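What follows is the residue order along each chain.
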Amino acid sequence: MMLHDIIIVGAGPAGSRIAQRLSQLGYGVVVVEKNLSFGDDICCTGILSQECLSAFGLDNGLVLRQASSAKFLAPSGEYFRLCRQSPVAAIVDRARLNVHLAEMAEASGARYLFGAKASDILPQADAVEVRINGQSDETVLRAKAAVISTGFGSTLPARLGLGEIKQFVLGAQVQVAINGIDEVEVYFDQKLTPGGFAWLVPTTDGRGLVGLLTRGQADSSLENLLTSLSAQGKIASNQAAPSYDVVPLKPLPRTCADRVLVVGEAAGQVKPTTGGGIYYGLLCADIAAGVLQQAFKADDFSVKGLAAYEDRWRARLNRELVIGYWARTLLANLSNRRIDRLFRLAGKKGLAELIADGNSFSFDWHGRLLLKMVGSLLPF
Ligand SMILES: Cc1cc2nc3c(=O)[nH]c(=O)nc-3n(C[C@H](O)[C@H](O)[C@H](O)COP(=O)(O)OP(=O)(O)OC[C@H]3O[C@@H](n4cnc5c(N)ncnc54)[C@H](O)[C@@H]3O)c2cc1C
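Residues numbered from 1 in each chain as written. Predicted model: local features only at pLDDT ≥ 70, side-chain atom pairs only at ≥ 80, totals over all residues.

1. Quick word on the nonpolar core
Move 1: If you look at the biggest cluster of nonpolar residues, it comprises 109 residues, and the most contacted ones within it are Ile6, Ala146, Val263 and Ala288.
Move 2: The greatest single-element share of this core, amounting to 13 residues, is contributed by helix 6 (residues 278–298).
Move 3: With sequence-adjacent residues up to four places away left out, Ala146 is seen in contact with Ile6, Ile7, Val9, Ile121, Val128, Val130, Arg259 and Val260. (Core = buried A, V, L, I, M, F, W, Y, C linked by C-beta atoms within 7 Å. Buried ≥ 20, exposed ≤ 12 C-beta atoms within 10 Å, placed from the backbone. Helix = DSSP H or I, 4+ residues; strand = E, 2+ residues; numbered from the N terminus. Contact = placed C-beta atoms within 7 Å.)

2. Concerning the site of the ligand
Move 1: Not every one of the 37 residues close to the ligand is listed here, only the nearest: Gly10, Gly12, Gly151, Gly264 and Gly277.
Move 2: Elements with a minimum of two residues in the shell around the ligand: helix 1 (13–24), strand 9 (117–123), strand 12 (168–178), strand 17 (243–248) and helix 6.
Move 3: When the residues that make up the shell around the ligand are grouped by side-chain class, the tally is 14 nonpolar, 18 polar and 5 charged.
Move 4: The residue makeup of the shell around the ligand includes at least three contributed by each of domain 1 (3–44 + 94–166 + 249–326) and domain 2 (168–246). (Near = placed C-beta within 6 Å. Nonpolar A, V, L, I, M, F, W, Y, C, P; charged D, E, K, R; others polar. Domains from an automatic or database assignment.)

3. Section: the packing of helix 1 against helix 3 (residues 94–107)
Move 1: At a minimum axis distance of 8 Å, the contact between helix 1 and helix 3 shows a crossing angle of 15°. Judged by the inter-axis angle, helix 1 sits roughly parallel to helix 3. Our pair here, helix 1 against helix 3, has a crossing hand that is left-handed. Residues Pro13, Ser16, Arg17, Ala19, Gln20 and Ser23 of helix 1 touch helix 3, and the partners they reach there are Leu97, Asn98, Leu101, Ala102, Met104 and Ala105. (Axes fitted to C-alpha atoms, helices over the stretch in contact; angles between N-to-C directions. Parallel < 35°, antiparallel > 145°, perpendicular 65-115°, else oblique. Left-handed = near helix turned anticlockwise from the far one by under 90°.)

4. Observations regarding the domain arrangement of the protein
Move 1: According to the domain assignment, the protein consists of domain 1 (3–44 + 94–166 + 249–326), domain 2 (168–246) and domain 3 (330–377).
Move 2: Look at where the C-alpha atoms of domain 1 and domain 2 centre, and you get two points 30 Å apart.
Move 3: Every contact between the two is made by 8 residues of domain 1 and, on the other side, 9 residues of domain 2.
Move 4: Looking at the side of domain 1 that touches domain 2, its residues break down into 5 nonpolar, 2 polar and 1 charged.

5. Some details on helix 3
Move 1: For helix 3, spanning 14 residues, the distance from its first C-alpha to its last is 20 Å, which sits close to the expected 20 Å at 1.5 Å a residue.
Move 2: Buried within helix 3 are the following residues: Arg94, Leu97, Asn98, His100, Leu101, Ala102, Met104 and Ala105.
Move 3: Those residues of helix 3 hidden inside the fold are in contact with helix 1, strand 7 (89–92) and strand 8 (111–113). (Expected span 1.5 Å × (residues − 1).)

6. Here we look at the environment of Gln124
Move 1: Examined against the element boundaries, Gln124 turns out to sit in the loop between strand 9 and strand 10 (128–133).
Move 2: What makes Gln124 exposed here is the crowd of 10 C-beta atoms within 10 Å.
Move 3: Sequence separation between Gln124 and Arg259 is 135 residues, and the spatial gap between their C-alpha atoms is 8.2 Å.

7. Quick notes on the sheet that holds strand 4 (residues 63–67)
Move 1: Read from one edge to the other, the open sheet built from 3 strands follows the order 3-7-4, with strand pairing classed as antiparallel. Strands with a single pairing partner mark the edges of an open sheet, and in this sheet they are strand 3 (47–49) and strand 4. Here the strands of the sheet are splayed against their neighbours by 30° on average, with no regard to which way each runs.
Move 2: Sheet analysis places strand 3 next to strand 7, joined by 3 bridges and oriented antiparallel. When the sheet's bridge partners are listed, Ser49 is paired in strand 7 with Ala89. (Pairing = 2+ DSSP bridges.)

Written out as structure tokens, the structure reads:
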């Protein structure tokens, strides 16, 4: 049986980024994807920072719209706006992002197999076996190492003894026709989205994305949100079937086993504040590719040999994940009355200006700003 260098399970942003990096270095990479094409089943708004777009050389043609301001609304309807002179974020065509990243990997030599669901990963002394359920048959692929980049919800990490992510929120999103909304709106309302928040994001050609994260029922929350936005005249109609997904709020206990790494949302490499996971997934994909390159050179794919991955990504993200989770938990436990009060206080204390201040604000790194905000709001 052929021995590949690397098998990557999952052709999302994290998987394709590792595929690109390793195939550029000359390694033989096979990416297995359970869906029949890129872009099936995607439930994601596609908001990325300018920092992310440029750091990963993402094509400007993916951008549907730039965003330099956003409006944050309290349950009472009171709001504040955050406004920057130049765009801090962009809304990208999310399905095309997957295609774009995969095209870059393919151009470097990576091979993609679609309709190929990995059902098990079995590390052995001299190789790792990945069992694949195809559309009509079951096959086994062998490689020196494998990467799990399946997004949230795969049982593969638990089967390898890496634990499970038990803290998560549910997400839902649908494309709509919008009426005259030209900036991102974010809604906080514990009745509508318990423990979460909702959004309306204009994209292009009179369309937008309505979505939410919640600890409650995502489908009924989405229905209620659509009814409310429609009653306010902000949206005209739904243009597609809603999609649903789950967002982890904490990392996987361990992300490294003999011959296997877990990367991206599957590892919980997601901002707990917003649920955004693409940027952190891409950053960790690069860390994983670097560690795998060293493992190839040393011919050491043991858990000890790969441990630098775990150390490096946690060193980069841990502070953000801890502060973000703490802030999210705090917000999740506030009543609507308290959120209204917080918004009023924020207005008085000039919080919008604090957030908009270039020294504190980063679209991707929230820890510093969160600590500053708490300092400025105490005693709340
Ligand atoms: C409503 C909502 C809105 C969001 N908006 C944003 C946003 O604006 N910006 C942002 O940064 N993040 C956002 N996110 C989060 C973002 O979508 C994820 O963090 C990101 O897609 C994770 O990338 P990934 O490559 O780790 O996994 P994924 O994108 O989930 O890709 C995993 C791939 O693996 C495949 N797969 C799964 N299991 C198997 C298997 N056993 N065998 C083979 N293939 C398999 C899947 O089909 C999929 O193609 C949002 C999430 C939700 C729910």
